[in-house]
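Summary of structural features
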Amino acid sequence: MASRTTHPVLGTRALNRATLARQLLLSRAEMSARDAVAHLLGLQAQNVKPPYFQLHARLAGFEPGELAALMESREVVRMVTMRSTIHTHTAHDALTLRPLVQPARDREVAYFRQGLVGVDLDRLADRARALVDSAPRTMAEIREDLLREWPDADPQSLSVAARCRLPLVQVTPRGVWGRSGQVRLTTVENWLGEPAGAAQPVDDVVLRYLAAFGPASVKDMQTWAGLTRLREAFERLRPGLAVFRDENGVELFDLPDAPRPDAGTPAPPRFLPEFDNLLLSHADRTRVVAPEVRGRSWTGNQAHCTLLVDGFLAGLWKLEGGTLTVELFDRVPKAAEEEIVAEGEQLIADMGALPDGTARPAPSVRFAPIRG
């Protein structure tokens, strides 16, 4: 058996191209929206529109109505899972991934224990479940009901406890393209009409993670999942995995037959929304975010929409009406600028239509002054 120090080295560009291939960002995939959501293990979805833009960047011929129809038919749902953030998941993953990450949600409740003195958490979960399963409720309504039982508890802590102890989904029309609605919650079992399954086996999820985000380290997956102690699963799987190391000597695991394109493979520009998992699902993000631009896709707690050029974070963008404003971090070659404009015009054409049938705006891509 080869020593770990002899594992082949994958440079930053090789890791970049491999990850883009898994993320369907080297070329748009001929894949249904549902299959893409499953392959990507969900789409981060703090806001309503990002999942739609994530799929537009990845799928050939994608139209927002495809994902909207899946939301309305309950084939996909929005709920808190990895990293305690809202994700859009297939119904199957909603029922089986949430139990896998439940230990992290239990630890989260523990951080608020000072505001929950005297609160029986099992009783809280039962009361909240009865309330939201009788009818979808806002978090304010859930909190108000719990305060009747525990008037001396901290209101925010009660909200956190309910969100963490129960697998709550945001019911439609929330999350449907072109529609609006207050966040109302019920349990995933109630919304889907079936009981939650057992947690997906962690070994299976490791393999799925590598298929969507690999090659990756143990810490990378732990960052994505918000879980700890995954080393044992990787070690069980090691005999069947390809093993590499990065330029810093960190051990990386991968599926033997997964795509690892040549580092020189062209990577077209891609417009990604805020909170795209590509930028959030590795402990070491230099495969996409060069050190010199680290932190530039955020202002305080506000994430910006991001632009990839040659596979790496290269700027920000904003779509208002028919105008797409692009702000590059640095100058790019003329040919790359022309590709950005073409991709931007396609984004406006595909995603700028209004749900009431109003004509699409004439596409206009403009470049804002380059930031220092």
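To keep things clear, this report deals only with the structure shown in the data block. (Residues numbered from 1 in each chain as written. Predicted model: local features only at pLDDT ≥ 70, side-chain atom pairs only at ≥ 80, totals over all residues. Heavy atoms only, no water.)

**What about the pattern of salt bridges?**
- Going through the model one piece at a time under the given rule, you end up with 26 salt bridges.
- A salt bridge links Asp122 to Arg165; its shortest N-O distance comes to 2.6 Å. Of this pair, Asp122 sits in helix 6 (residues 121-134) while Arg165 sits in helix 8 (residues 155-165), and the two are 43 residues apart along the sequence.
- Several salt bridges share partner residues, and in doing so they unite Arg123, Arg127, Glu144, Asp145, Arg148 and Glu149 into one network. (Salt bridge = Lys/Arg side-chain N within 4 Å of Asp/Glu carboxyl O. Helix = DSSP H or I, 4+ residues; strand = E, 2+ residues; numbered from the N terminus.)

**Some remarks on empty space enclosed by the protein**
- Scanning all chains against the criterion turns up two cavities of 30 Å³ or more.
- Around the largest cavity, the lining residues are Gln23, Leu40, Gly42, Leu43, Gln54, Arg58, Phe213, Asp276 and Asn277.
- In terms of residue class, the lining of the largest cavity is made up of three nonpolar, four polar and two charged.
- Estimates place the volume of the second largest cavity at around 30 Å³.
- Forming the boundary of the second largest cavity are Leu278, Leu279, His282, Arg285, Arg287, Val288 and Val289.
- Looking at the lining of the second largest cavity residue by residue, the class counts come to four nonpolar, one polar and two charged. (1 Å grid on protein atoms, 1.4 Å probe; cavity = no way out; pocket = protein on both sides within 12 Å on 5 of 7 lines; lining within 4 Å. Points joined across faces, edges and corners; volume = space filled by probe spheres on them. Nonpolar A, V, L, I, M, F, W, Y, C, P; charged D, E, K, R; others polar.)

**Let's talk about the sheet that holds strand 13 (residues 323-328)**
- Judged by pairing direction, the sheet is mixed, and its five strands sit side by side in the order 8-11-12-13-14 without closing on themselves. Edge positions in the open sheet fall to strand 8 (270-272) and strand 14 (364-367), since each of these has one partner strand only. Averaged over all adjacent pairs, the angle separating strand axes in this sheet is 30 degrees, with direction ignored.
- Where strand 8 and strand 11 (residues 305-309) come together, three bridges link them in antiparallel fashion. The residue of strand 11 that forms the bridge with Phe271 is Leu307. (Pairing = 2+ DSSP bridges. Axes fitted to C-alpha atoms, helices over the stretch in contact; angles between N-to-C directions.)

**Digging into the packing of helix 6 against helix 7 (residues 139-149)**
- Direction vectors running N to C along helix 6 and helix 7 enclose 135 degrees, while the axes themselves pass 10 Å from each other. By the angle between their directions, the pair helix 6 and helix 7 is classed as oblique. By crossing handedness, the relation of helix 6 to helix 7 is classed as right-handed. The segment helix 6 lies against helix 7, with Arg123, Leu124, Arg127, Ala128, Leu131 and Val132 engaging Glu141, Ile142, Asp145, Leu146, Arg148 and Glu149.
- When grouped by side-chain class, the residues that make up the contact of helix 6 with helix 7 number six nonpolar, no polar and six charged. (Parallel < 35°, antiparallel > 145°, perpendicular 65-115°, else oblique. Left-handed = near helix turned anticlockwise from the far one by under 90°. Contact = heavy atoms within 4.5 Å.)

**Some details on the environment of Leu166**
- Along the chain, Leu166 falls in the loop between helix 8 and strand 4 (168-170).
- Along the backbone, Leu166 and Ile348 are 182 residues apart, and their C-alpha atoms lie at a distance of 39 Å.
- Contacts of Leu166, omitting those with residues within four sequence positions, involve Arg98, Ala125, Ala128 and Arg129.

**Here we look at helix 6**
- A rise of 1.5 Å per residue sets the reference length of helix 6, with its 14 residues, at 20 Å; its end C-alpha atoms lie 20 Å apart and thus fit the reference within 8%.
- Considering only its buried residues, helix 6 is in contact with helix 7, helix 8, strand 4, strand 5 (185-187) and helix 9 (188-192).
- The opening residue of helix 6 is Asp120, an N-cap whose side-chain oxygen sits 3.0 Å from the backbone nitrogen of Asp122. (Expected span 1.5 Å × (residues − 1). Polar contact = N/O pair within 3.5 Å; in protein donor to acceptor, adjacent residues only side chain to side chain.)

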